[in-house]
Amino acid sequence: MSQEWKIAACPHDCPGGCIMEARYDVSSDRLQTRRLEKDLGVDGFCPKGLRWFTRRNHPSRLLTPLLRGEESFYPISWQRAWDLWAAALEKGLQRGGPLGNAFYRSAGSLYFSKNLLAAVHGALGGYTTSIGNLCSSAGNQGLRNCFSQVPVLPREEILQKGRSLLLWGKNIVENHRSLVPLAGELRRRGGSMGVLEIRSTPTVSWADRSWSVIPGGDCFLAAWLCHKLLREKEAFPGWFQRVANAEEFVTFVESLQEGELLSAGGISREEACSLYEWLLESAPVTHCLGYGIQRYLHGETQSWWVAALAVLLGAFEAPGRGLVFGKNEMALFPSSLLEEPSSKRSFPESQFWHALAQASPPVHTLGIFCANPVKQAPGGGDIAQAIRNLPFSVCLDVTLTETARCCSLVLPSTFFFEEGPDWRGSYGHSFLCRTEAILPPPGECLGDLAILEGVRKTLGLSLSPEALRHSMDSLLLERTDMEKIHPSVYAWREQNFWEESSSFAKLPLRLPSPHPFEEPVKRLNSSEELRLITCHVGEYINGQNWDLPEQERIPISLSTEDAKRFGLSSGSRVRLWNSKNPCGISGEVLIDPRMGSGYCAVPQGGSRINSLTDPLVSPGYGVPFSESFVRVRIEKEC
Ligand SMILES: Nc1nc2c(c(=O)[nH]1)N[C@H]1C(S)=C(S)[C@@H](COP(=O)(O)OP(=O)(O)OC[C@H]3O[C@@H](n4cnc5c(=O)[nH]c(N)nc54)[C@H](O)[C@@H]3O)O[C@H]1N2
Ligand SMILES: Nc1nc2c(c(=O)[nH]1)N[C@H]1C(S)=C(S)[C@@H](COP(=O)(O)OP(=O)(O)OC[C@H]3O[C@@H](n4cnc5c(=O)[nH]c(N)nc54)[C@H](O)[C@@H]3O)O[C@H]1N2
Ligand SMILES: [Mo]
C-alpha cells in the first residue's frame, strides 16, 4: 500500500492516454490524485478516467471467482476456478489439439501487460483467435495500401509545423479531447479548424468551418478534390516525387466524372468548391481521420483517398501537411518476449463468433479478456448464444458484463492501480509511463496475469506470465531511446513518417461503385430502411458505462425530411428494429437539420445496440458497423 505519489495512467482505449499521480490516503481510505506539472505536456485524467478511482468500491464490482450454476452464478475458490479452467484446456487439447482452445481479447485496457495475455495459450502450442479489431482495421488497411504502414505524425510536429486541421469525421470535442488544446494553439497562430460530418456534433459547433457529406461519401469528395487540384494545376509542386504510381493515378483521376463524384459524396458543387478554396488558403492543413468514416464496407478506400489528397497537397514536401489516424500505442512493447505459437487459427473479428460453432477441429474452450463482445461487437445477440453453446468459456472482467453472464466461469480482475509494474503508451501522444500498484485490490480480485499464473501452475507449465511481466519491465527500463522527464514518465522521440527519406506512397486506382456502395444486406424495402450509424459519445468510453444510469430511451437523430416522411417529430417515442431484432430497441427522436435522408445516428455503447448490427467483414478485417439497416416504428409494447 503506497502513501507515496505514484504514476497512474488511464487504461481506456482513448487517444488521451492521460497520466497523473495518485496515492492512497489511509485516514480517508481514498485515492488522491494530482496532475503532473503543466510543462510536461501530459494531460491529467478527464471525468471518465477519474471515475476509475470511485469505481473501486462500486457494488457491481466482482470480488470472487464465480461459477455458473443451474439458476445463477455462485462463488468458488481460486484453486477450484483454476482446476476447472486447466481441466477444460486439457480437454480442449485432447479434442482439437491446440486449436481446440480459443483466445479473444479486445480494447478494455491498453496497458502493455495485456499483450502477454495469450502467453499461456501459446505455451499450450497455440490457439484459435480473431484477426482484425472492432475499431481501426479498415482505416489502417487503406493507409497500408498507400504507405505500406500506418504513418505516424507526432503531436509535437503538428504543434510546431502545422497550421490548420481538417477533421474527416473526427469528433474531437467528444472523443479526442486532447486534440482540442492543440487545435486551440494552432488557432491562436492563425490556423482554421475544418470538419466534414454527416450530422451535428459538438465538434461541428466548435469548428471554424464545416461541410456535410453523406455516410461513406468522403472518398468521392477526396477524389473530386484531387481531380480539381490536378486540373487547376494547384497540386503541391513535386507532389509526385514520392509516388510510385503517379502517372496511372493522374490518368485514373482524369477519367472520373466530376458530377458523379459530387453526387456520390453527397455534396453540392458550391460547398465542395468552398472546401477546395479553404484547403488552399488555410495551408498547411493536417488531415485528421476519424474512426466513423472507415466503418463501411469500403472503409479502406475511404482512408486511402484522403491519404491521396494529403499527398497531392504536399504531405511529403512541406511539414504539417501530413495525415494522422491512430498509431500503435504498443509500438515499444518488447515483442521478442512472445514467440509466435506453432499452431494458430484466426477468424476475422466479425466472423469469429459464428466460426466458433463450425470450426474443425472443434473449439472446446474460450477465454475472453478485456472484452465485452456481446455488447460491443456486431450481431451481439448471436454472440451471446455462440458463447453459451461452447462447452467451456471463461471471462476475466471487473463486473458481470453482458458477455461475462454468458460464460461458464467469471474471474474478478483488478484495476490498473492495483497491480504492476506495467507500462502504457498512447495513440495520441509520444509519452510512455511506468506504473506500479498503489493499493491492494478488494476482495479476492487478481490481476489478469496473476490469474493466468494460477492456470499455468495448475497445468504444470514452466512459462510464467508474471515472469514475462518483469522481463517486459526490465527491457523497457533498459531502453536508451526514451528521455526520462519525470521519475516514471518517458518521452519517446518517434519518427515522423512524413519526414523520412524512405517514405513513399501508392495512390488508389479505384473507387467503390456509388449506388449503393455494395449491396451489404438483403433490403426489406429500401425506402423504409435507414442506415444505422452508431457514434461514440463524450460521457463514457466504448461499452464502459456500467457505473452510469442506463438511458431508457436512446436519442435517435433523423433528418428533417425523414422525420416528416415517417410522421415523427422531436420527442416521438419510437423503436428501431430489423430482422435481427424484430422487437427492437426503444428511443426518442431528435431532428437534426444537418442530416441528410436515409440514415439515423444513435450513440454506441447501449446494451442492445449491436443486436441490430450485422457481422460483416471489410477489407483489412475491418468491422463495417455502418452497413446495418433498421426501420423505425412508433413505440407500443412489443
Ligand atoms: N455499434 C457500434 N459498436 C461499436 C463501436 C461503434 O462505433 N458502434 N465501436 C467499436 C470500437 S471503436 C471499439 S474500440 C470497441 C470497444 O469494445 P471492447 O473492446 O469490448 O472495449 P470496452 O467496452 O472498452 O471494454 C471491454 C471490457 O474490458 C473490461 N476491462 C477493462 N480493463 C480491464 C482489465 O484490465 N482486465 C480485464 N480482464 N478486463 C478489463 C471492461 O470492464 C469491459 O467490460 O467497441 C466497438 N463497438
Ligand atoms: N468520450 C469518448 N472518447 C472516445 C471513445 C468513446 O467511446 N468515448 N472511444 C475511443 C475509441 S475506441 C475510438 S475508436 C474513438 C472514436 O472516435 P471518433 O472517430 O471521433 O468516433 P466515431 O463516433 O466512430 O466517429 C466520429 C464521427 O464520424 C461521423 N461519421 C460517420 N460516418 C461518416 C462518414 O462517412 N463521413 C464523415 N465525414 N463522418 C462520418 C459520425 O457522425 C461521428 O460523429 O474515440 C476514442 N475516444
Ligand atoms: Mo475504438
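Nothing here was measured: the structure is a model prediction, and the numbers come from that model.

Cut-off values and rules
Residues numbered from 1 in each chain as written. Chains lettered and ligands numbered in written order. Predicted model: local features only at pLDDT ≥ 70, side-chain atom pairs only at ≥ 80, totals over all residues. Heavy atoms only, no water. Pairing = 2+ DSSP bridges. Helix = DSSP H or I, 4+ residues; strand = E, 2+ residues; numbered from the N terminus. Axes fitted to C-alpha atoms, helices over the stretch in contact; angles between N-to-C directions. Contact = heavy atoms within 4.5 Å. Near = heavy atom within 4 Å. Polar contact = N/O pair within 3.5 Å; in protein donor to acceptor, adjacent residues only side chain to side chain. Areas by Shrake-Rupley, 256 points an atom, 1.4 Å probe, with all protein chains shown as cover. Nonpolar A, V, L, I, M, F, W, Y, C, P; charged D, E, K, R; others polar. Domains from an automatic or database assignment. Buried < 20%, exposed > 50% of the residue type's maximum accessible area, 1.4 Å probe, protein only. Core = buried A, V, L, I, M, F, W, Y, C linked by side-chain atoms within 4.5 Å. Phe/Tyr/Trp six-rings, centres within 6.5 Å; stacked < 30°, edge-to-face > 60°. Lys NZ or Arg CZ within 6 Å of the ring centre and 35° of its normal.

1. Remarks on the sheet that holds strand β19 (residues 482-486)
The antiparallel open sheet is built from 4 strands, whose spatial order is β17-β18-β20-β19. If you trace the sheet from one side to the other, it starts and ends with β17 (422-424) and β19, each paired once. Neighbouring strand axes in the sheet, compared pairwise and without regard to direction, differ in orientation by 30 degrees on average. As judged from the 3 bridges shared by β17 and strand β18 (residues 431-435), these two strands associate in the antiparallel manner. The residue of β18 that forms the bridge with Arg424 is Cys433. Each of β17, β18, β19 and β20 (489-492) is contacted by helix α18 (residues 465-477), which is oriented at about 55 degrees to β17, the strand it contacts most.

2. Notes on the site of ligand 1
Near ligand 1, the surroundings consist of 27 residues, among which Ser106, Gln376, Asp397, Asp448 and Thr534 are the closest. In this structure, Lys114 approaches ligand 1 through a side-chain N or O atom, which is 3.0 Å from an oxygen atom. Arg295 has a polar side-chain atom sitting 3.3 Å from an oxygen atom of ligand 1. The protein chains hide 97% of the 920 Å² of surface that ligand 1 would expose on its own. The class makeup of the residues in the shell around ligand 1 is 8 nonpolar, 14 polar and 5 charged. No fewer than three residues from each of domain 2 (66-128 + 331-479) and domain 4 (530-634) sit in the shell around ligand 1.

3. Observations regarding the domain arrangement of the chain
In terms of domains, the chain is made up of domain 1 (6-57), domain 2 (66-128 + 331-479), domain 3 (137-324) and domain 4 (530-634). Taken over C-alpha atoms, the centre of domain 2 sits 38 Å from the centre of domain 3.

4. Observations regarding helix α1 (residues 47-55)
Because an α-helix completes one turn every 3.6 residues, residues spaced three or four positions apart along the sequence face the same direction. Turning to α1, its buried residues number three or more, namely Lys48, Gly49, Arg51, Trp52, Phe53 and Arg55. In this structure, the buried residues of α1 make contact with β1 (6-9), β2 (19-25), β3 (30-34) and α6 (172-175).

5. Considering the nonpolar core
Phe147, Trp168, Trp239, Trp305 and Leu507 are the most contacted members of the largest nonpolar core, which has 84 residues in total. The greatest single-element share of this core, amounting to 10 residues, is contributed by helix α9 (residues 218-231). Two domains each donate at least three residues to this core, and these are domain 3 (137-324) and domain 4 (530-634). The next biggest cluster of nonpolar side chains, apart from the first, holds 43 residues, and it includes Leu332, Leu396, Leu461 and Met482.

6. Some remarks on the pairing of strand β21 (residues 530-535)
In terms of burial, β21 is a largely internal element, 6 of the 6 residues being buried. Summarising the sheet, β21 and strand β26 (residues 629-634) pair through 2 bridges and their orientation is antiparallel. Bridging from a neighbouring strand, Arg531 pairs with Phe629 of β26.

7. Re the site of ligand 2
In the region of ligand 2, 35 residues are neighbours, and Glu197, Gly216, Asp218, Tyr291 and Arg295 sit closest. Within the side chain of Lys48, one N or O atom sits 3.4 Å away from a nitrogen atom of ligand 2. Here an oxygen atom of ligand 2 and a side-chain polar atom of Arg199 are 2.7 Å apart. Starting from 910 Å² of accessible surface for ligand 2 in isolation, the protein chains cover 99%. Where the shell around ligand 2 is concerned, the elements lending two or more residues are α6, β9 (193-197) and β21. When its residues are assigned to classes, the shell around ligand 2 shows 15 nonpolar, 13 polar and 7 charged.

8. Brief notes about the packing of aromatic side chains
All chains considered together, the criterion is met by 31 aromatic pairs. Ring geometry for Phe249 against Trp305: centres 5.6 Å apart, planes inclined by 40 degrees, an arrangement best described as tilted. With Phe249 in helix α10 (residues 246-254) and Trp305 in helix α13 (residues 299-312), this residue pair connects regions lying 56 residues apart in the sequence. One exposure class covers both Phe249 and Trp305, and it is buried. Ring plane angle 50 degrees and centroid distance 5.3 Å describe the contact between Phe316 and Trp498, whose orientation is recorded as tilted. Of this pair, Phe316 sits in the loop between α13 and β12 (323-324) while Trp498 sits in the loop between β20 and β21, and the two are 182 residues apart along the sequence. Here Trp498 falls in the buried class, since its relative accessible area comes to 4%. Feature note: the residues Phe45, Trp52, Phe53, Tyr111, Phe415, Phe416 and Phe417 constitute an aromatic cluster, connected by ring pairs. We note Arg61 situated over the ring of Phe415; from NZ or CZ to the ring centre the distance is 3.8 Å. Of note, Arg187 hangs over the ring of Trp206, and the distance from its end group to the ring centre comes to 4.6 Å.

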